[in-house]
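Chain and residue survey
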Amino acid sequence: MTQALKLQEKLLQKSARKAILETFVEKKSIGPMVVELDPTTACNLACHDCISANLLNQGGFVKGRLRELAEDFKKIGVKAVVLIGGGEPMAHPEFSSLVDYLTENNIQVGVTTNGTLLDRHMNSSIKTKWLRVSVDAGSAEVFQEFRPHASGKSFFNKVIDNMREFGKKKSGLLGYSFLILSTKDKDNNLISSNVVDITRAAELAKDIGCDYFEVKPAFDIMHFLQKQQDEINESVLKQLKDIKHFEDDKFKIISPYTLNDALENSNIQVKDYSSCNVSKIRTVVSPSGVYVCPYHRGNGQMKIGDPTKNKLSEIWASKRKEQVLESLDPKTHCRFHCIRHNSNKLIDKIIEGEENRVLEDFDLFI
């Protein structure tokens, strides 16, 4: 299970190595290995700190279009699809049929969701390779403060009940995601933070059958790490240490390397390369366009095509795609902390023959 959560090890899989060599060494024209797909921009929660706030509730793919896209994904050899957003992926009425088609055609499916609609799509969702729920709380009160519903009712208990039921039936991994969030006044003084719930949330995650509990830093709308007060950082570090005893063979406590950068209030990530390797084997497909990566979702300069009108296979073979990827310079365009920074460097080593380890396929979400 822990291996499936390590991005760099995923690049050493046979399928990943094959895609890397075909793309960069043999210069073959192949499709992306992984697609992040936003079925819709609609969301049923109203989180004040949403990183996609400027993209929400602007429509979704029309009836039948998701199936057409999925058929094209199969044709061009896409190995894995992440259903994400944008909005809440399960808000699209064709979510279940999309998951069914992809899994039936041996395309691995991962889902990032707020969990409120999981009960509607349970039978299809249990077929996924992994499903991660953004809970960001360990109690109904904290959940309602940071993940509110317009009705004023906290959906925390429904989310937890859905996850518990999913945990009984799942075939893949179930993750409980906890994003560090705070509210501040106009003078930047701390009002409240959800970090008071980290320990409670970790214990709950284990109890309901999750495979892992992940603590992550929050990003602003431009994808730069949000700075937290020292007292928040200290509380996070203490609780991360305290909750380690919950770990066993079936349950892990994890965090991305960006959490350490956030706790040190590091705001800029220096890149020493001028081309993004990952964007050439992984892409984002949303109702507003196909983009080079999720960090540039909604950025017109990084838009490579319109999936409401064209197939991904057509977009991937277009001059526009080549022009955009050629112009993308991580040194200037990606000064934020990119979770695939180390993946870019590892791909260079594979291309140059400096990394020759090969692993059997286990999780194709590179």
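A brief report on the enclosed structure follows.

The next point concerns a negative patch on the surface. A cluster of acidic residues, Asp272, Asp348, Glu352 and Glu354, forms a negative patch on the protein surface. When you line up the elements, Glu354 lands in the segment after helix H14 (341-351).

This paragraph deals with the pairing of strand E8 (residues 212-216). Counted residue by residue, E8 has 5 buried out of 5 residues, so it is predominantly covered. The two faces of E8 match: Tyr212, Glu214 and Lys216 on one face and Phe213 and Val215 on the other face are all buried. Pairing of strand E5 (residues 173-179) with E8 involves 5 bridges; the strand directions are parallel. Among the inter-strand pairings, Leu179 is bridged to a residue of E8, identified as Lys216. The pairing of E8 with strand E9 (residues 252-254) spans 3 bridges and is classified as parallel. When the sheet's bridge partners are listed, Phe213 is paired in E9 with Ile253. Taken together, E8, helix H9 (residues 230-242) and E9 constitute a β-α-β crossover, and its handedness is right-handed.

Turning next to the pairing of strand E10 (residues 282-286). When you tally the buried positions in E10, you get 5 out of 5 residues, the bulk of the element. Every second residue of E10 is oriented toward a common face, with Arg282, Val284 and Ser286 on one face and Thr283 and Val285 on the other, all of them buried. As paired strands, strand E1 (residues 34-37) and E10 are joined by 4 bridges and run parallel to one another. Within E10, the position partnered with Leu37 by the bridge is Val285. As paired elements, E10 and strand E11 (residues 289-291) share 3 bridges and run antiparallel to each other. Along E11, the bridge assignment pairs Ser286 with Gly289. Between E10 and E11, which follow one another and run antiparallel, lie 2 residues.

This paragraph deals with the nonpolar core. Burial of nonpolar side chains together is a common tendency in soluble globular proteins. Leu37, Phe73, Leu83, Met163, Tyr176, Phe213 and Val285 are the most contacted members of the largest nonpolar core, which has 104 residues in total. Ignoring any residue separated from it by four or fewer positions in sequence, one finds Val285 in contact with Val35, Glu36, Leu37, Asp38, Phe61, Leu69, Phe73, Val290, Pro307 and Leu312.

Along the chain, Asp185 falls in the loop between strand E6 (182-184) and strand E7 (190-193). With 162 residues separating them along the chain, Asp185 and Thr23 place their C-alpha atoms 49 Å apart. Separated by 2.8 Å, the side chain of Asp185 and the backbone nitrogen of Asn189 make a polar contact.

Running from N to C, helix H2 (residues 14-25) and H14 point in directions that differ by 75°, and their axes come no closer than 10 Å. When the interaxial angle is binned, H2 and H14 end up roughly perpendicular. In this structure, H2 uses Arg17, Ile20, Leu21, Phe24 and Val25 to contact H14, whose residues at the interface are Ile347, Ile350 and Ile351. Partitioning the contact of H2 with H14 into residue classes produces 7 nonpolar, no polar and 1 charged.

Moving on: empty space enclosed by the protein. A complete count under the given rule lists 2 cavities of 30 Å³ or more for this structure. Taken as a whole, the largest cavity encloses approximately 170 Å³ of empty space. Along the wall of the largest cavity there are 18 residues; nearest its centre are Cys276, Val278, Cys293, Tyr295 and Cys338. Class assignment of the residues belonging to the lining of the largest cavity gives a composition of 11 nonpolar, 4 polar and 3 charged. Here the second largest cavity defines a volume of roughly 50 Å³. Every residue lining the second largest cavity is listed: Ile180, Pro217, Ala218, Gln226, Gln228, Asn233, Ala262 and Leu263. When grouped by side-chain class, the residues that make up the lining of the second largest cavity number 5 nonpolar, 3 polar and no charged.

Cut-offs applied
Residue positions within a chain follow its written sequence, with the count starting from 1. Reporting of local features is limited, given that this is a predicted model, to residues whose pLDDT is at least 70; pairs of side-chain atoms are given and counted only at 80 or more, and all residues count toward the totals for whole chains, interfaces and linings. Excluding hydrogens and water, the side-chain figures rest on all heavy atoms present in the structure. Patches were defined on residues exceeding 30% relative accessible area and lacking a salt bridge, with like-charge contacts within 9 Å and nonpolar side-chain contacts (Val, Leu, Ile, Met, Phe, Trp, Tyr) within 5 Å. Accessible areas in this description were obtained via Shrake-Rupley with a 1.4 Å probe; residue shielding takes into account the shown protein chains only. A carboxyl oxygen of Asp or Glu within 4 Å of a side-chain nitrogen of Lys or Arg is what we treat as a salt bridge. This count recognises Lys and Arg as positive and Asp and Glu as negative, with His and chain-terminal groups excluded. By convention, the charge on Lys lies at NZ, on Arg at CZ, on Asp at CG and on Glu at CD. Secondary structure elements are taken from DSSP: a helix is a run of H or I of four residues or more, a strand is a run of E of two residues or more, and numbering for both begins at the N terminus. When a residue's accessible area, from a 1.4 Å probe over protein chains only, is under 20% of the maximum for its type it is buried; when over 50% it is exposed; and in between it is partly exposed. For two strands to be treated as a pair, DSSP must find no fewer than two bridges joining them. Assignment of crossover handedness uses the view with strands pointing away from the viewer, where a clockwise path from the first strand over the helix to the second indicates a right-handed crossover. Nonpolar cores are built from buried Ala, Val, Leu, Ile, Met, Phe, Trp, Tyr and Cys residues. Side-chain atoms within 4.5 Å join them into one set. Pairs of residues are marked as contacts when any of their non-hydrogen atoms sit within 4.5 Å. Two N or O atoms count as a polar contact when they lie within 3.5 Å, although within protein this holds only if one can serve as hydrogen donor and the other as acceptor, and sequence-adjacent residues are included solely when both atoms are side-chain atoms. As a rule, the C-alpha atoms of each element are fitted with a line to give its axis, helices using only the stretch in contact, and angles between N-to-C directions run from 0 to 180 degrees. Working definition: roughly parallel below 35 degrees, roughly antiparallel above 145 degrees, roughly perpendicular at 65 to 115 degrees, and oblique for all remaining angles. Amino acid classes used here: Ala, Val, Leu, Ile, Met, Phe, Trp, Tyr, Cys and Pro are nonpolar; Asp, Glu, Lys and Arg are charged; the rest, including Gly, are polar. Both site types are read off a 1 Å grid over the protein atoms alone. A 1.4 Å probe that fits but cannot get out defines a cavity, while an open set with protein on both sides within 12 Å along at least five of seven lines defines a pocket; lining residues have an atom within 4 Å of a point. Grid points are joined across faces, edges and corners, and a volume is the space filled by probe spheres set on the points.

Remember that the coordinates give geometry; whether it matters functionally is a separate question.
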